Structures are given as C-alpha cells and as structure tokens.
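Below are the chains, spelled out letter by letter.
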Amino acid sequence: MNDALIRLEKVSVTFSGQKTLDAIDLVVRPGEIVTLIGPNGAGKTTLVRAVLGLLTPDSGRVWRRPRLRVGYMPQKLQVDGTLPLSVLRFLRLVPGVGRTEAQAALAEVGAAQVIDSPVQLISGGEMQRVLLARALLRAPDLLVLDEPVQGVDMAGQAELYSLITRLRDRHGCGVLMVSHDLHVVMSTTDHVVCLNHHVCCSGHPEQVSGDPAFVELFGDSAKNLAIYHHQHDHSHGLHGGVVSQAPHVHGNGCNHG
C-alpha cells in the first residue's frame, strides 16, 4: 500500500544546459516532517516548485496522492507599503475564509492579536506566523514550508519550529520544510535530505549528521554539530521573548541573550 502523500522518483531538472536537480528521490508521508538542507544554489527552491507542480521535470516522476491538499508557506512576502492590506484582508484572499476562520487560524499559531493590523507594520516573527496561518486555512494534508523562520531571531526560531511540530501532531499532516538552521532543525525533523543538485545523503538527523557527505558539504559547522534539543518549559512571545516559565531546569536547550 502506498502511504505517501507525495513521491518523487528520479526527478531531474535542467536550466541553460546545467542540471539543477539530478535524479532526485523524495517521499513525504502523513505525520512526517522531512527537511531539505543544502547550500545556496543547491536546487532546494527548484525541488519545492516541482513538488508544488509549478514546474514539470525534464525527466522522472512526481506522484501526488489523489485530491491532495497542499498548504504553502513562502520564504517571505513583499507587500507594497502604500497598499491598504490588513492581516484579516490578506487571509480572506483564501477562498471561503471569513473573519471567524481567520481568527481561528491566527489563534492556532499564536498571532490572534494582529488580525486587524496592517501587514506592513507587523514584526518578522508575526509575519511568519500569519503566513503559516494562511497555509493552515487550506486544511492541508501536506504543509510545504520554505525557510519558515526567515527574519526571526534565535529564540523565535526555536519556538516556531516547536509550533510546526505541534501543528503536525494536531493535524496529522505531512511537512516538507526547507531550512538552513542546522542546529535547531536537526532536532525538529524526522527525516533529513541533504541536497546539492543531487541527494548527497538522507536519513534520520543523527544518521545524517555523521555522514561524510554532510560533513564535507557543511565543513566545521557539521563536524561540531550537537543535535539541539529545545526543551520547552516556557513559551515565547511573537518577538521571541519569554512570556511564561515553569520552575524546571533546561537540558541542552534554550539560551536567551
């Protein structure tokens, strides 16, 4: 039985005579977080576009589960400063969404208080949560997140990754995520795919972090990589600051500057 949400088999993409993707195999299953890592120019964005159906590979096969619902969170959103667009109006661009649905989605990601704010005036952390809420409004089977912590400080990054894990647990959706944040993301994913035009290595984070191909690609930062476990006995606000804390000692976890 094929339990995959999406399956890529030997997918290759060529631009201007150069192979951007070379024989890529990738599977995302329900309830699984799969993270793509790799240097700039490695083909991560091209792979995401193939997953979303925005480009057709030159060779290979992209299979999607019939009637698959995908929620996509882009790396960032540029909004004209003169455009009168509130968070609510932005979310209502999703068909069938009213204030009640928008409020519920924002509450789920911890950003209910920005519903009437202009999108140009909210912080980077707030914007990432709004984009995540928009992706959730599609009731997705698969969440595709392109650099979901872009422009967010370290404490806020850890909280956003923790939120993504909680959303996966709550909804049972699969997650395909692109990230550069090796230390944090390696503790918040089930399967890592190290990409540099081809799949250099893949597997469980502990397995990949010791792979010679991973060490060669990321150098000293990989050699000294300690899997970062963010043990949450507290919660962060939208700007990354601690807003509540229980009397419990951190493990190898959260450092606040």
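Note: the structure precedes this text.
The model shown is predicted, which means the values in this text are computed figures rather than measured ones.

## Remarks on the sheet that holds strand β1 (residues 6-15)
- Read from one edge of the open sheet, 3 strands run β2-β1-β4, paired in antiparallel fashion. The sheet terminates laterally at β2 (18-28) and β4 (59-64), the two strands that pair on one side only. Strand after strand, the sheet turns through a mean of 25° between neighbouring axes, direction not considered.
- In the sheet, β1 pairs with β4 via 5 bridges, with the strands oriented antiparallel. If you follow R7 over to β4, its bridge partner there is W63.

## Overview of the packing of helix α4 (residues 124-136) against helix α5 (residues 154-171)
- Between α4 and α5, the shortest axis-to-axis distance is 12 Å and the interhelical angle comes to 15°. Relative to α5, α4 is oriented roughly parallel. Considering only the axes of α4 and α5, their crossing is right-handed. For the pair formed by α4 and α5, the contact residues are Q128, R129, L132 and L136 on the first element and E159, L160, L163, I164, L167 and H171 on the second.
- Taken together, the residues of the contact of α4 with α5 break down into 6 nonpolar, 2 polar and 2 charged.

## Considering the pattern of salt bridges
- Summed over all chains, the structure comprises 11 salt bridges.
- Its salt-bridge partner being R99, residue D116 comes within 3.0 Å of it at the nearest N-O pair. One end of the pair, D116, is in the loop between α3 (99-108) and α4; the other, R99, is in helix α3, with 17 residues separating them in the sequence.
- In this structure, D190 engages R168 in a salt bridge whose closest nitrogen and oxygen atoms are separated by 2.8 Å.

## Description of the environment of D80
- Counting through the fold element by element, D80 comes out in the loop between β5 (70-73) and α2 (87-91).
- Taking the relative accessible area as the measure of exposure, D80 reaches 48% and is therefore partly exposed.
- Along the sequence, D80 and V119 sit 39 residues apart, while their C-alpha atoms lie 9.8 Å from each other.

## A look at unusual backbone geometry
- The phi torsion at E147 lies on the positive side, around 50°, for a residue other than glycine.
- Here E147 shows up in the loop between β6 (142-146) and α5.
- Classification of E147 as buried rests on a relative accessible area of 6%.
- Here H197, not a glycine, exhibits a phi torsion of approximately 75°, which is positive.

Parameters at a glance
Residues numbered from 1 in each chain as written. Predicted model: local features only at pLDDT ≥ 70, side-chain atom pairs only at ≥ 80, totals over all residues. Heavy atoms only, no water. Pairing = 2+ DSSP bridges. Helix = DSSP H or I, 4+ residues; strand = E, 2+ residues; numbered from the N terminus. Axes fitted to C-alpha atoms, helices over the stretch in contact; angles between N-to-C directions. Parallel < 35°, antiparallel > 145°, perpendicular 65-115°, else oblique. Left-handed = near helix turned anticlockwise from the far one by under 90°. Contact = heavy atoms within 4.5 Å. Nonpolar A, V, L, I, M, F, W, Y, C, P; charged D, E, K, R; others polar. Salt bridge = Lys/Arg side-chain N within 4 Å of Asp/Glu carboxyl O. Buried < 20%, exposed > 50% of the residue type's maximum accessible area, 1.4 Å probe, protein only.

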